Amino acid sequence: MEAVSQVIGEKAEFVWKQLPPEIGKPLTITVEEYQKLSDAIASGEPINCSDAADSCLPLVDAINNGNHHAVLKAVQSHHNYTYVHSMRVATLLTLFAHGIGIKGDDLLVISTGGLIHDVGKLVTPDQILDKPGKLTDEEWPIMRDHVTRSKELLGDATDISKGALIIAGQHHEKLDGSGYPLGLKGAELNELARMSVIVDIFGALTDARSYKPPFPQEKAFGILEEMGDKLDRRLLKVFRAIFEPGSDKLAKASSAMVKAHVA
Ligand SMILES: [Fe+2]
Ligand SMILES: [Fe+2]
């Protein structure tokens, strides 16, 4: 099975090389970088966040140029779901930040944070990561542990930005304190953490897995809205508005609050 999915992955990477460079390059460069991150972790070397940031430059260009739809669609053909999810979170989070007026280096920090937010999953057993169904009471703590592992792995990096650490460490925290690993709540979670959890859930809902089809955008937003006080309702409204035309004024109101937590 591993050999089959490897061939599928290589096929996806081959197809990406045939795409227009503005679509293919963000994918070919980040998948190579993700493999390097995986190799570094396997051999116990520190993660190089500057290289990860460099690999996100074409993605930031793609978003600045309105090419995110094609990137989000093409990435799904890759067999490594942790990479696919990470790249989709990077794209959606950068799109969210871009939509509220974040620019330049700040946008790159957020994009990098998205790409590396789940690096701890690179040490989570595949049978738990790829389990086609609900995890058992014994399996859940192992899955949840990926956040602590990400924090440990990224904590050893000397070139990690504050914003990327927040995204990696707090993308499963919920405003009502019901999230993990720390159960942070309310004012303990800044705008960047609040954006990350919205995007992480939205990304997972709109993605295809072996056990579920991709949910349409509207259904995904419906589920997020039903989560009530677990998520920042204002930011959720801002994120939703980015997918709808004529939303500029509402979105831009948040940029100063996010910028304060990035660098
Ligand atoms: Fe995660
Ligand atoms: Fe995630």
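Note: the structure precedes this text.
Computed from a predicted model, the values in this text were never measured in an experiment. (Residues numbered from 1 in each chain as written. Chains lettered and ligands numbered in written order. Predicted model: local features only at pLDDT ≥ 70, side-chain atom pairs only at ≥ 80, totals over all residues. Heavy atoms only, no water.)

1. Side note on the overall build of the chain
Then, number 1: For the chain, the count of helices and strands is 15 helices and zero strands.
Then, number 2: For the chain, whose C-alpha radius of gyration is 17 Å, the value lies close to the compact-globule estimate of 18 Å for 263 residues.
Then, number 3: Across its three principal axes, the chain shows a C-alpha extent of roughly 50 × 45 × 40 Å.
Then, number 4: The 263 residues of the chain split such that 53% are buried.
Then, number 5: Sequence-distant contacts in the chain: of pairs separated by 6 or more residues, those separated by 24 or more amount to 68%.
Then, number 6: Working note: accessible area of the chain is about 12,400 Å², and carbon and sulfur atoms make up 55% of it.
Then, number 7: Here the chain contributes 28 positive and 36 negative side-chain charges, whose respective centroids are spaced 7 Å apart. (Helix = DSSP H or I, 4+ residues; strand = E, 2+ residues; numbered from the N terminus. Rg over C-alpha atoms; globule rule 2.2 N^0.38 Å. Buried < 20%, exposed > 50% of the residue type's maximum accessible area, 1.4 Å probe, protein only. Contact = heavy atoms within 4.5 Å. Areas by Shrake-Rupley, 256 points an atom, 1.4 Å probe, with all protein chains shown as cover. Lys, Arg positive; Asp, Glu negative; His and termini not counted. Charge placed at Lys NZ, Arg CZ, Asp CG, Glu CD.)

2. Quick notes on the coordination of the iron ion (ligand 2)
Octahedral metals with six donors have ideal donor angles of 90 or 180 degrees. Tetrahedral metals with four donors have an ideal donor angle of 109.5 degrees.
Then, number 1: Surrounding the iron ion (ligand 2) are the protein donor atoms His85 (NE2), His117 (NE2), Asp118 (OD) and Asp200 (OD), at 2.1 to 2.2 Å.
Then, number 2: Every donor counted, the four donor atoms about the iron ion (ligand 2) form angles of 83 to 175 degrees at the centre, which fits irregular coordination.
Then, number 3: For the iron ion (ligand 2), the donor residues sit on a single chain with the sequence spacing H-x31-H-D-x81-D.
Then, number 4: Between the iron ion (ligand 2) and the iron ion (ligand 1), a separation of 3.3 Å is found, and both are coordinated by Asp118.
Then, number 5: Judged by its relative accessible area of 0%, Asp118 falls in the buried class. (Donors = N, O, S within 2.8 Å, 3.2 Å for Na, K, Ca; no water. Tetrahedral: all angles 85-135°; square planar, octahedral: opposite > 155°, others 65-115°.)

3. With respect to the nonpolar core
Then, number 1: In this structure, Tyr83, Ile110, Ile116 and Leu224 are the most contacted members of the largest nonpolar core, which totals 73 residues.
Then, number 2: Looking at this core, the element that brings in the most residues is helix 6 (residues 81-99), giving 11 residues.
Then, number 3: When residues no more than four places from it in sequence are discounted, the contact partners of Ile116 are Leu37, Cys49, Ala52, Leu154, Ile160 and Ala164. (Core = buried A, V, L, I, M, F, W, Y, C linked by side-chain atoms within 4.5 Å.)

4. Description of the packing of helix 11 (residues 191-205) against helix 13 (residues 233-242)
Then, number 1: In contact at an axis separation of 10 Å, helix 11 and helix 13 are set at 55 degrees when each is read in the N-to-C sense. With respect to helix 13, the element helix 11 is oriented oblique. The element helix 11 and its partner helix 13 pack so that their crossing is right-handed. Taken together, the residues of helix 13 that come into contact with helix 11 (itself represented by Glu191, Arg194, Met195, Ile198, Val199 and Phe202) are Arg234, Leu235, Leu236 and Phe239.
Then, number 2: Along the lines of polarity and charge, the residues of the contact of helix 11 with helix 13 split into seven nonpolar, no polar and three charged. (Axes fitted to C-alpha atoms, helices over the stretch in contact; angles between N-to-C directions. Parallel < 35°, antiparallel > 145°, perpendicular 65-115°, else oblique. Left-handed = near helix turned anticlockwise from the far one by under 90°. Nonpolar A, V, L, I, M, F, W, Y, C, P; charged D, E, K, R; others polar.)

5. Remarks on the environment of Val197
Then, number 1: Looking at the element boundaries, Val197 is found in helix 11.
Then, number 2: We classify Val197 as buried; its relative accessible area is 5%.
Then, number 3: As for Val197 and Ile167, which are separated by 30 residues in sequence, their C-alpha atoms are 8.4 Å apart.
Then, number 4: Excluding anything up to four places from it in sequence, Val197 contacts His171, Glu173, Lys174 and Leu231.

6. Some remarks on helix 9 (residues 139-155)
Then, number 1: The terminal C-alpha atoms of helix 9, which comprises 17 residues, lie 25 Å apart, in line with the 24 Å expected from a rise of 1.5 Å per residue.
Then, number 2: At His146, helix 9 is bent by approximately 30 degrees, the largest bend along its length.
Then, number 3: Looking at helix 9, one finds that the buried residues are Glu139, Met143, His146, Val147, Ser150, Leu153 and Leu154.
Then, number 4: Where helix 9 is buried, its residues contact helix 2 (21-42), helix 3 (49-55), helix 7 (104-116), helix 8 (126-129) and helix 10 (162-170). (Expected span 1.5 Å × (residues − 1). Bend = angle between axes of the 7 residues up to and from the residue.)

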